[in-house]
Amino acid sequence: MIWAFVFALLGACSWAEGTNAGLKGRVTQKGLEYGQQFGLEVVKSLLKKEHVPDLNGSYNIPLIGDVGYSVSRIQIQELQLNESVTSFSEGTGVRLVVSNARIHLSGVWRVKVLFVPDSGTFDLSVSDLSLSTELGVSRDDGGRPQVWSANCRSSVGRLDVKFHNGASWLYNLFTGALQAPLRYEVNRQLCPELGKGISNLERVLKTMQVSAQIDPFAAIDYSLVNKPVIAREHGDIDLKGEFYGVGKHTESPFSPTPFLLPDEGDHMLLLGLSEFSANSAAFVYFTAGALRKNFRDDMIPKRSPIRLNTGSMGLFLPELKKLYPNMPMELHLSARKQPLLTCLPDSLALALFGAAEAFVVLPNATLASAFLLDLDASLAGQLQLDSAKVGGSVALTNFSMSVVRSHVGSVQVKTLETLLKLALRMVALPMVNSESCRISPPRVPALRVAAPYRLPSGSGSSPLTRAPFVSPEKLKEGFPLPSVYNLSLVNPHVKINQGFVLVATDVQYQA
């Protein structure tokens with residue numbers, strides 16, 4: 001019974017050291033205390049739905065003799081856990097201490113006196129109940145959490161019972177004699193029942209999923225990378241946080257570097273997101289051939305000074321408009337190397353290595369290659385976060401281009417590069433900052449197996465030719481954060497550090 005409350009307080013309270021992690025989380029004492037508040041409501045709700053195990057035994061009543069009894073269908077009607085304390089138990093897990101608790105139960109009684117059976121209902125009140133236990137945490141070989149119960153102690157101070165129906169008028173005269181054996185039976189059951197609950201929880205955790213497919217290209221591994229250890233003032237969790245390709249687990253060229261979360265207890269929860277996780281995702285999408293997109297002139301903003309036709313592009317390639325006068329063009333953009341994200345103090349740096357091949361659309365709708373350029377760009381980014389959305393902004397810090405080949409004569413590289421820089425700064429980046437294509441945040445299941453991702457039936461496009469873009473959204477306004485375990489962020493703060501992004505926040509639970 002009580003195990004549900006203890007597990008609710010455990011949450012992500014484990015601290016690990018050893019193998020470097022891509023993702024880190026920390027629950028502070030403030031977070032643990034908040035977990036206790038909504039955990040009490042959770043456990044009350046759960047306990048009222050559960051039946052207490054049946055009690056059987058016998059006792060001796062003067063002048064009557066031995067009386068055999070059976071108490072069944074015990075249901076908790078009221079539960080008061082007003083005095084409870086939770087804390088981190090260093091080296092073990094979470095410690096729960098409940099004192100002066102009160103429970104009101106009802107059920108069915110049956111007795112046999114001198115071979116004569118009788119039955120009815122009863123009300124049972126238990127007061128001054130105390131329970132202390134520790135929930136230990138560990139890690140199995142598959143990166144799943146393990147739990148166990150340790151150092152459980154309980155005591156029942158007072159027990160009052162009142163019988164109804166049958167010969168209850170007689171048995172109520174002897175309730176004083178019943179108190180001791182019933183109090184013994186209730187107290188004897190508490191810790192074993194807690195152990196059974198923890199064992200059931202352990203069986204569930206053995207089937208816990210530690211990876212999830214996000215889309216047709218990528219999945220994420222969020223298994224524990226080390227055996228957890230609880231610190232005195234907080235609990236940390238270290239997750240692998242590595243993306244890998246669906247159907248083909250190609251080894252990433254990156255490895256996580258160590259980083260430490262700051263020692264601060266002003267927030268309930270700290271989250272550390274390393275550049276390793278972001279770069280492993282970029283490697284997966286690049287390897288899958290997903291970082292490519294084709295553009296036609298009708299996809300270019302109307303305010304752009306450069307149009308996708310031979311008349312506009314002929315300003316930089318005089319031979320182009322002579323060979324293909326007044327013809328539409330297509331521009332195929334792709335990554336020739338994977339993007340690289342670097343977290344710097346107070347700023348994100350993104351290096352892009354692209355290729356742009358221009359094609360002329362012939363009257364028969366076939367494409368004729370005109371030229372191929374290498375494009376390199378460096379961007380600086382900022383993140384913004386509130387309780388419901390994440391957004392940000394980007395700025396161009398460097399841009400260069402070079403000609404790989406041309407089928408339409410020489411390309412005026414410097415002139416085109418200057419104009420493209422202007423177009424990026426005045427048109428493209430303002431568009432990204434206001435109406436950027438974005439990737440939806442992954443929804444990572446916790447204790448269930450996710451259904452496999454399937455392409456829509458009848459889809460004619462190959463996953464290797466479709467970029468992982470969703471609908472246009474306003475980056476400066478942000479996009480919604482996913483809800484995890486019905487928890488929402490309260491007053492979150494984001495800070496970019498060397499090698500990782502730190503999110504410090506309080507949380508609110510909504511049932």
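Everything numeric here is computed off the predicted structure, so don't read it as measured data.

Thresholds applied
Residues numbered from 1 in each chain as written. Predicted model: local features only at pLDDT ≥ 70, side-chain atom pairs only at ≥ 80, totals over all residues. Heavy atoms only, no water. Disulfide = S-S within 2.5 Å. Helix = DSSP H or I, 4+ residues; strand = E, 2+ residues; numbered from the N terminus. Buried < 20%, exposed > 50% of the residue type's maximum accessible area, 1.4 Å probe, protein only. Pairing = 2+ DSSP bridges. Axes fitted to C-alpha atoms, helices over the stretch in contact; angles between N-to-C directions. Contact = heavy atoms within 4.5 Å. pLDDT = per-residue confidence, 0-100.

Asker: Run through the state of the cysteines, naming residues and quoting values.
Answerer: A full pass over the atoms with the stated rule returns one disulfide. Here cysteine 152 connects covalently by a disulfide to cysteine 191, the sulfurs 2.1 Å from one another. Here the S-S torsion is close to -85 degrees, and the disulfide linking cysteine 152 with cysteine 191 is therefore left-handed. Residue cysteine 152 is located in strand β8 (residues 145-164), and its partner cysteine 191 is located in helix α4 (residues 175-205); the two are separated by 39 residues in the primary sequence. Cysteine 152 sits in the partly exposed class, given a relative accessible area of 24%.

Asker: How would you sum up the sheet that holds strand β13 (residues 269-274)? Please name residues and give values.
Answerer: Spatially, the five strands line up as an open sheet ordered β11-β1-β13-β24-β23, and their pairing is antiparallel. Two strands lie at the open edges of the sheet, namely β11 (234-239) and β23 (487-497), each paired on one side alone. Across the sheet, the mean angle from the axis of one strand to that of its neighbour is 20 degrees, orientation sign disregarded. Strand direction decides the pairing type here: β23 and strand β24 (residues 500-509), joined by nine bridges, are antiparallel. Bridge assignment links serine 488 to a residue of β24, and that residue is glutamine 508. The sheet strands contacting helix α5 (residues 275-287) are β1 (23-28), β13 and β24, and the helix crosses β13 at an angle near 45 degrees.

Asker: How would you explain the confidence of the model for the protein if you had to name every residue and give the values?
Answerer: For the protein, per-residue confidence averages 80 on the pLDDT scale, and residues scoring 70 or more make up 81% of the total. Segment residues 1-17 is flagged for pLDDT under 50; beyond a separation of four residues in sequence, or across chains, it makes 70 contacts in the model. Scored below 50 in pLDDT, residues 435-474 makes 69 contacts in the model with residues more than four places away or belonging to other chains.

Asker: With reference to specific residues and values, describe the environment of isoleucine 306.
Answerer: If you trace the backbone, isoleucine 306 turns up in the loop between β14 (292-295) and α6 (310-313). Owing to a relative accessible area of 11%, isoleucine 306 belongs among the buried residues under this scheme. Among residues more than four places away in sequence, those in contact with isoleucine 306 are Ile300, Ser312, Met313, Leu416, Leu419 and Leu420.

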